[in-house]
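Descriptive analysis of the structure
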Amino acid sequence: MWGLRLGRSRRRIVNDFVAAKATTAARAIRYEAADPRTFRRLCGYGAIVDDGAGRYHLDAGRLGAFRGAVRRRAAAIAATSGVVASAAAAATVFALAE
């Protein structure tokens, strides 16, 4: 459930910047995020760029890289969960077979 909220918050922030056409340094805007944690995460990754004067713009290239990183992390978690579940099922089968 937390992941869905994070995705929704990230989409809201990105949509705000796109709607304001703040996709270049020349069109940077002041922005007060409803979810500061997600905003800081996007800034830390470089998807949202601070111009040093409290104005921000969206870097579409870095946003794409950020989304790719999130997808890879989710895939790794899903794969690990599948391996752990398979190992647990195998252990149960072997325990019952004895």
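About the thresholds
Residues numbered from 1 in each chain as written. Predicted model: local features only at pLDDT ≥ 70, side-chain atom pairs only at ≥ 80, totals over all residues. Heavy atoms only, no water. pLDDT = per-residue confidence, 0-100. Helix = DSSP H or I, 4+ residues; strand = E, 2+ residues; numbered from the N terminus. Phe/Tyr/Trp six-rings, centres within 6.5 Å; stacked < 30°, edge-to-face > 60°. Buried < 20%, exposed > 50% of the residue type's maximum accessible area, 1.4 Å probe, protein only. Core = buried A, V, L, I, M, F, W, Y, C linked by side-chain atoms within 4.5 Å. Contact = heavy atoms within 4.5 Å. Arc of directions from axis to C-beta.

Our focus in this paragraph is the confidence of the model for the chain. Here the chain shows a mean pLDDT of 80. Residues at 70 or above account for 84%. Summarising per-element confidence for the chain, the mean pLDDT is lowest in helix H3 (residues 60-97) (72) and highest in strand E2 (residues 56-58) (92).

With that settled, consider the packing of aromatic side chains. For any pair of aromatic rings, geometry is given as the distance between the ring centres together with the angle between the planes. For the structure on display, the rule yields 3 aromatic pairs. Taken together, a centroid distance of 5.4 Å and an interplanar angle of 35 degrees make the contact between Tyr31 and Phe39 tilted. On the accessibility criterion, Phe39 (9% relative accessible area) is buried. Ring geometry for Phe39 versus Tyr56: centroids 5.0 Å apart, planes at 80 degrees, classification edge-to-face. Of the two residues, Phe39 is situated in helix H2 (residues 36-45) and Tyr56 in strand E2; the sequence distance between them amounts to 17 residues. Members of the aromatic cluster, connected to one another through ring pairs, are Phe17, Tyr31, Phe39 and Tyr56.

It is worth spelling out the nonpolar core at this point. Judged by nonpolar contacts, the single largest core of 15 residues is most densely connected at Ile13, Phe17, Tyr31, Phe39, Leu42 and Ile48. Within the residue set of this core, elements represented by two or more residues are helix H1 (2-19), H2, E2 and H3. Ignoring sequence-local partners within four residues, the contact set of Phe17 consists of Ala22, Ile29, Tyr31, Phe39, Ile48, Tyr56, His57 and Leu58.

Three or more residues of H2 are buried, namely Thr38, Phe39 and Leu42. Angular distribution of buried residues about the axis of H2 spans 100 degrees; they occupy a single face of the element. Those residues of H2 that are exposed and angled more than 90 degrees off the buried face are Arg37, Arg40 and Gly44. Downstream of H2 by one or two residues, Gly46 has phi in the positive range, about 95 degrees.

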